[in-house]
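Secondary and tertiary structure notes
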Amino acid sequence: MPELNAQSSQIADLLERARGHARAAADEPAKRAYLDVLRQDPTCLDALLELARLALRSGHRSAASTAYQQAIFCHPDDPTARVNLGNLWIESGEFEAARAQFEAAIAARPALAAAHQGLARVLTALGEPDAAAIHWREGFGAGGFAPQPFGGVGSGVAVLLLVSAKGGNIPTRSLLDDTVFAVTAFYAEHHDPALPLPPHALIFNAIGDADLCAEALRQASTIVARSTAPAVNPPDLVVATGRAEIARRMAALEDVIAPVIALVRRDDDAGFDALAYPHLFRSPGFHTGQHFVRVERREDVVAIADLPGDALLAIAPLDARGADGRFRKYRAMLIDGVAYPLHLAVSAHWKVHYFSADMAGCAALRAEEAAFLADMPAVLGPRAVAALGAIAAELDLDYAGVDFALAPDGQLLLFEANPGMVISPPGPEPMWDYRRAAIDRALAAVKRLLLARVATTT
């Protein structure tokens, strides 16, 4: 028995040491201390959960998922890891897997609000609004508030984070350092004006998809109007960032080539006949290439049959191929009016995303990206750099992103510009070390922006 007590005391000391490092944002010493705990007791639930949270803070989603799954294996009746894993899987679009975790969490603890909130989000994404409504009520009762874990010292900077129950939100895990910001998420559709707002020093409007979230943005405007705190990305500005509207607005800017985008109803044969082919079609409100197809000829429009929605965005494609025949997509973040290079994705496929691009397998492409990150003006040239500045001024948002390519004459080929873009830390592999400084600069710029806004009111 004394030996067991000594081991328990040692584990408690190691756990407190890990927590101290985590509160001080010393991630590497914290990780080592949590691993020391797990070497003593591989089943320690607190260490597994907190190590997962630490991994997420530095962008290591796979490591976080592994820790959560180990916690579930060791503690199948504890719902905490299931809820966290479900939320992680929502972010990656694995809705059925997330659903199973939330349902298991509710079976273990029927009144757990966070599990009902997660299941409601999943059911909303899966197109089951009636079932989702039941869990929204169970998850929130009166009001749509969801306090997030805070891992810092003291009370932190109180942030009211406006989000939509439908999705289409800016991923803010990497933006809102949980050792600095104490965040309460507020699902805007569940706003009850009779209820007081939680104490907050700043509002961050994370509702980023104007095509999907019209009602949430209307409610968000009402919430912002109720508060005297500064608001980042005011909802009234985000409303004007739907894909078709952005293309129209940006096409008027010098040195910006924007696609022609029209909303076409499925039953509008004349509308489809009037398009020049090839043409791109996508369902409004979806991202990362989901429900997005290329149709080469009018007679091939049957390819859109599986796309959800009664109306589709018809997009005239821009040719983003380089001299090597590959398609290129640059991304720059616009933070407080300044453009920060974030990545370059190069792919043999017209639908270019970093996660599916050719970067990992080609050192030459990584070198090309490294040059862009190190000296964006030199790579893009003066016309495209000026165009980025014009886009930032036209958007007038605190936080947004621009996906684009370069025309042969140096003009900017615009794919999209909106607030819904994520700053994702790279994987842990050494091949990505060249990306870390640029991403750190962008994240640091966001933190400066938020703290500066708070400072203006204190």
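This text follows the structure it describes.
A short tour of the structure in this document, coming up. (Residues numbered from 1 in each chain as written. Predicted model: local features only at pLDDT ≥ 70, side-chain atom pairs only at ≥ 80, totals over all residues. Heavy atoms only, no water.)

1. Things to note about the nonpolar core
Note the following rule: To define a nonpolar core, start from buried Ala, Val, Leu, Ile, Met, Phe, Trp, Tyr and Cys residues and group those joined through side-chain atoms within 4.5 Å. Relative accessibility under 20% of the residue-type maximum defines a buried residue, over 50% an exposed one, and the middle range a partly exposed one, all with a 1.4 Å probe and only protein chains included. Under the scheme used here, helices are H or I runs from DSSP no shorter than 4 residues and strands are E runs no shorter than 2 residues, and both carry numbers assigned from the N terminus. Contacts are assigned to residue pairs that have any heavy atoms within 4.5 Å of one another.
Grouped together as the largest cluster of nonpolar side chains are 76 residues, with contacts concentrated most on Tyr34, Tyr68, Phe204, Ile335 and Ile423. The element that contributes the greatest number of residues to this core is helix 3 (residues 45–57), accounting for nine residues. Setting aside residues up to four positions removed in sequence, Phe204 forms contacts with Val159, Leu160, Leu161, Leu162, Ile170, Thr172, Leu175, Leu176, Val232 and Leu450. With 57 residues, the next largest nonpolar core counts Ala357, Cys362, Leu413 and Trp432 among its residues.

2. Looking at the sheet that holds strand 4 (residues 202–205)
Through backbone hydrogen bonds, the strands of a sheet pair up, either in parallel or in antiparallel fashion. Put simply, the rule is: Any two strands with at least two DSSP-identified bridges between them are counted as paired.
The strand order 1-3-2-4-5 describes an open sheet built from five strands, whose pairing is mixed. Bordering the open sheet on either side are strand 1 (145–147) and strand 5 (231–232), each of which pairs with just one other strand. Where strand 1 and strand 3 (residues 181–187) come together, three bridges link them in antiparallel fashion. Within strand 3, the residue paired with Ala146 across the bridge is Ala185.

3. What to know about helix 5 (residues 80–91)
Our working definition: Working rule for helices: expected span equals 1.5 Å times residues minus one.
Here helix 5 is twelve residues long and its end C-alpha atoms lie 17 Å apart, about the 16 Å a rise of 1.5 Å per residue gives. Burial in helix 5 covers these residues: Ala81, Arg82, Val83, Leu85, Gly86, Leu88, Trp89 and Ile90. On its buried face, helix 5 sits against helix 3, helix 4 (61–74), helix 6 (95–108) and helix 7 (113–125). Looking one or two residues beyond helix 5, the residue adopting positive phi is Gly93, at roughly 80°.

4. Re the sheet that holds strand 14 (residues 412–418)
The following threshold applies: In this analysis, axes come from line fits to C-alpha atoms, helices being fitted only over the stretch in contact, and the angle between any two N-to-C directions falls in the range 0 to 180 degrees.
Taken in spatial order, the five strands line up as 6-14-13-11-12 in an open sheet, and their pairing is mixed. Single-partner strands in this sheet number two, and they are strand 6 (256–257) and strand 12 (338–347). Across the sheet, helix 13 (residues 363–374) touches strand 11 (327–335) and strand 12, and the angle it forms with strand 12 is around 170°.

5. Concerning unusual backbone geometry
Tyr277 connects to Pro278 through a cis peptide bond whose omega is 10°. Residue Asp336 is not a glycine yet carries a positive backbone phi of 55°. Position of Asp336 among the secondary structure elements: in the loop between strand 11 and strand 12. Phi at Asp396 is positive, roughly 60°, even though this residue is not glycine. Checked against the element boundaries, Asp396 lands in the loop between helix 15 (382–395) and strand 13 (399–406).

6. Details of the state of the cysteines
The criterion, for reference: Whenever a pair of cysteine sulfur atoms sits within 2.5 Å, that pair is classed as a disulfide.
In this structure the tally under the stated criterion is zero disulfides. Cys74 takes part in no disulfide bond, and the closest cysteine sulfur to it belongs to Cys44, at a distance of 10 Å.

7. Here we look at the side chain of Arg331
Looking at the secondary structure, you find Arg331 in strand 11. Judged by its relative accessible area of 12%, Arg331 falls in the buried class. The residues touching Arg331, leaving out its near neighbours within four places in the chain, are Tyr340, Pro341, Leu342, His343, Phe372, Val402, Asp403, Phe404, Met421 and Val422.

8. Looking at the environment of Asn169
This is how it is decided: Polar contacts here mean pairs of N or O atoms no more than 3.5 Å apart (in protein, one a potential hydrogen donor and the other a potential acceptor; neighbouring residues in sequence count only if both atoms are side-chain atoms).
Mapped onto the fold, Asn169 is located in the loop between strand 2 (157–163) and strand 3. As for Asn169 and Arg297, which are separated by 128 residues in sequence, their C-alpha atoms are 34 Å apart. When neighbours within four sequence positions are excluded, Asn169 is seen to be in contact with Val163, Ser164, Ala206, Ile207 and Gly208. Among the polar contacts made by the side chain of Asn169, one reaches the main-chain amide nitrogen of Ser164 at a distance of 2.7 Å.

9. Topic: the packing of aromatic side chains
Counted only if it meets this: Only Phe, Tyr and Trp rings take part, Trp by its six-membered ring, and two of them pair if their centres are within 6.5 Å. Stacked means planes under 30 degrees apart, edge-to-face means over 60, and tilted covers everything else. Note on geometry: a ring has a charge over it if NZ (lysine) or CZ (arginine) is within 6 Å of the ring centre and within 35 degrees of the ring normal.
Counted according to the given criterion, the structure contains eight aromatic pairs. Ring centres of Phe145 and Phe186 lie 4.4 Å apart, and the angle between their planes is 45°; this geometry places the pair in the tilted category. Residue Phe145 is found in strand 1, and its partner Phe186 is found in strand 3; the two are separated by 41 residues along the sequence. The buried category is assigned to Phe186, whose relative accessible area is 1%. In textbook terms, an aromatic cluster arises when at least three aromatic residues are bridged by ring pairs, as seen for Tyr330, Phe372 and Phe404. For the cation-ring pair, Arg435 lies above Trp432, with the distance from its terminal atom to the ring centre recorded as 6.0 Å.

10. Things to note about the environment of Asp324
Note on placement: Asp324 falls in the loop between strand 10 (311–315) and strand 11. Along the primary structure Asp324 and Ala348 are separated by 24 residues, whereas in three dimensions their C-alpha atoms are 9.6 Å apart. A polar contact is formed between the side chain of Asp324 and the backbone nitrogen of Arg326, at a distance of 3.0 Å.

11. Section: the pattern of salt bridges
Which entries qualify depends on this criterion: Any Lys or Arg side-chain nitrogen located within 4 Å of an Asp or Glu carboxyl oxygen qualifies as a salt bridge.
Within this structure, the stated rule accounts for 34 salt bridges. One salt bridge connects Arg243 with Glu416, and the closest N-O pair in it is separated by 3.2 Å. Highlighted residues: Arg243 in helix 11 (residues 243–251) and Glu416 in strand 14, separated in sequence by 173 residues. Each of the two residues, Arg243 as well as Glu416, counts as buried. Between Arg321 and Asp319 there is a salt bridge; the shortest N-O distance is 2.9 Å.

12. Some points on the pairing of strand 11
In terms of burial, strand 11 is largely enclosed, as nine of its nine residues are buried. Burial of the side chains of strand 11 extends over both faces: Phe327, Lys329, Arg331, Met333 and Ile335 are buried on one face and Arg328, Tyr330, Ala332 and Leu334 on the other. As defined by bridge partners, strand 11 adjoins strand 12 across nine bridges and the pair is classed as antiparallel. Residue pairing for strand 12: Ile335 is matched across the bridge by Val338. Counting the residues in the hairpin turn of strand 11 and strand 12 gives two residues, including Asp336, whose phi is positive at 55°. Where strand 11 lies against strand 13, six bridges are found, and the strand directions are antiparallel. Pairing of Met333 across the sheet is with Gly401, part of strand 13.

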